[in-house]
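Analysis of the macromolecular model
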Amino acid sequence: MDLSAFPYLQGNYAPIDEERDYSEEQLRIEGQVPANLVGAFMRDGPNVAFQPNHYVYPLDGDGMVHAVYFRDGHVEYKNRWVQTSHLMTERKFGRTLYGSVGKLMEVPQEVIDAGGEPNPVRNTANTNVLYHGGKLLAMWEGGFPHLLNNDLSTVGLYDYGGALQPGDALTAHPKICPDTGDLVSCTQRWDSPNYWVQVFDAKGVHKQTIPVEFPRKGIIHDLQITENYIVIFYAPSFHSLEKAMKGEDPFIWEPEKGTRIIAIPRSGSGENMVFETDAFFSWHYCNGFEQGGKIHIDYVWINSIPFTQAQGTGVEKQPRRMYRMTLDPATKQVTNEQFSDVFCEFSRVDERRMGKDYRYGFATCSNRDWGDAHGYNCTGRFDFETGETKLWEYGPEANAGEPVHVPNPDSEREEDGYIMCYVFNPGEGAFLSILSAGDFDNGPVAKIHIPGRVPNGFHANWMQGLCL
Ligand SMILES: [Fe+2]
């Protein structure tokens, strides 16, 4: 593969070409692996199998999951591609057949005639991996999720027992209610501007649909739950499928329209509340909660749409900062304040506090100038009680992934949990970092060093109780 034309396939963004299984003897362990964890840390991400025609980070690339399994202080590692129909079709033909979400390509007739995947939009399955209701799912927001086995082998597309209809695109960012175990999710469609909240119970059975109408299809990536609401941001960012098919820049940003914030009652009855403020974009929420009749949302603010069709033009370097937004249902007033001046992304919390008042947010952060496609070299902790932001730096050239809060099974306290993320540090290699959530001064309590690389990727989760 010649990847020199693709800025976001350089360095630790470059793909790997192997599926690997490493026993504990093949992993080098530094420090002490927590002995009371049973489950798996998994992270999804793009990993192109063939040289792409066009590549819009962070959206393109075949999904690959990297997993570290934990039991009684022992660990093992696996990585696997998600065997999507697009990837399997390309493997059959031995070359790239599909374009990117920024530049779609017509599928060759010979591919369709041979029974290959006819949809020009690649279901990458590259965005998130989640374990809920006993199902392990690799998710991508433009289509159905893929069901995986615990060993990361692919079962196939998953439609929640028929709850998803052809054309439904299930978000890769559902939230799990810690009180009910409900998965609060949503579907959107390429052929409709509307949005449907979809709720699945703790066993993964569909239980509720709440439709929300929009005049125009927006790019809505994440959602946040609070006690009574589902909150979404409707930024003036749009994707035109027609433009993408014509090879034109399909990403549209119309800041004069401002950003609308919609609070949808989780009960399914009552009016949605709509708030309006200056235009901004966000990929990710940190958490949200209600207090004193107001709704607070902590999230990563970006000043405009963070990608374009042109590659390596620098829009990815736009400031990203932790913000706290407060919505007042009585006055419809919005206050939107920067919490920290640290460059950050991929914000997470102790999910036992999801939708509730909490103390700590975590995110991947950068404390150096944003060179071309360098990634993030720190894990950050945002203390919403004291206002302090603390960073643990892995090295000036390191790349640190999304930090996941893994609860300590023997404690209810946020600070007793573990913060896990994959890191690649030149000279040190790839490792799973395990920080103590309560101690960002002394660095990782353990590093599980993985031979070879774990490329930069997207979202990770802790799969409680999942074993091989
Ligand atoms: Fe995301």
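One can find the structure itself at the top, above this paragraph.
The structure contained in this document is the topic of the report that follows. This is a predicted model, so every value here is computed, not measured.

The next subject is the sheet that holds strand β20 (residues 273-277). Reading across from one edge, β15-β16-β19-β20 is the order of the four strands in this open sheet, with antiparallel pairing throughout. Taken across any chain shown, the strands that pair with only one partner, and hence form the sheet edges, are β15 (224-225) and β20. Taken together, the six bridges between strand β16 (residues 229-234) and strand β19 (residues 259-265) define a ladder with antiparallel strand orientation. Residue pairing across strands places V231 opposite A263, the latter belonging to β19.

Strand order in the open sheet formed by four strands is β25-β26-β27-β28, and the pairing between neighbours is antiparallel. Pairing within the sheet leaves two strands with one partner each, and these edge strands are β25 (343-349) and β28 (389-393). Averaged over all pairs of adjacent strands, the angle between their axes in this sheet comes to 25°, without regard to strand direction. Where β25 and strand β26 (residues 360-366) come together, five bridges link them in antiparallel fashion. Of the residues in β26, the one forming a bridge with E345 is T364.

Glancing now at the nonpolar core. Nonpolar side chains in soluble globular proteins tend to end up buried together. In terms of nonpolar packing, the biggest core is built from 122 residues, with F41, A67, V68, I230 and M420 touching the most fellow members. A total of seven residues in this core trace back to one element, the largest contributor, which is strand β31 (residues 418-425). Every residue in contact with V68, bar those within four places of it in the chain, is listed here: A40, F41, V75, Y77, L432 and I448.

How each quantity is defined
Residues numbered from 1 in each chain as written. Predicted model: local features only at pLDDT ≥ 70, side-chain atom pairs only at ≥ 80, totals over all residues. Pairing = 2+ DSSP bridges. Helix = DSSP H or I, 4+ residues; strand = E, 2+ residues; numbered from the N terminus. Axes fitted to C-alpha atoms, helices over the stretch in contact; angles between N-to-C directions. Core = buried A, V, L, I, M, F, W, Y, C linked by C-beta atoms within 7 Å. Buried ≥ 20, exposed ≤ 12 C-beta atoms within 10 Å, placed from the backbone. Contact = placed C-beta atoms within 7 Å.

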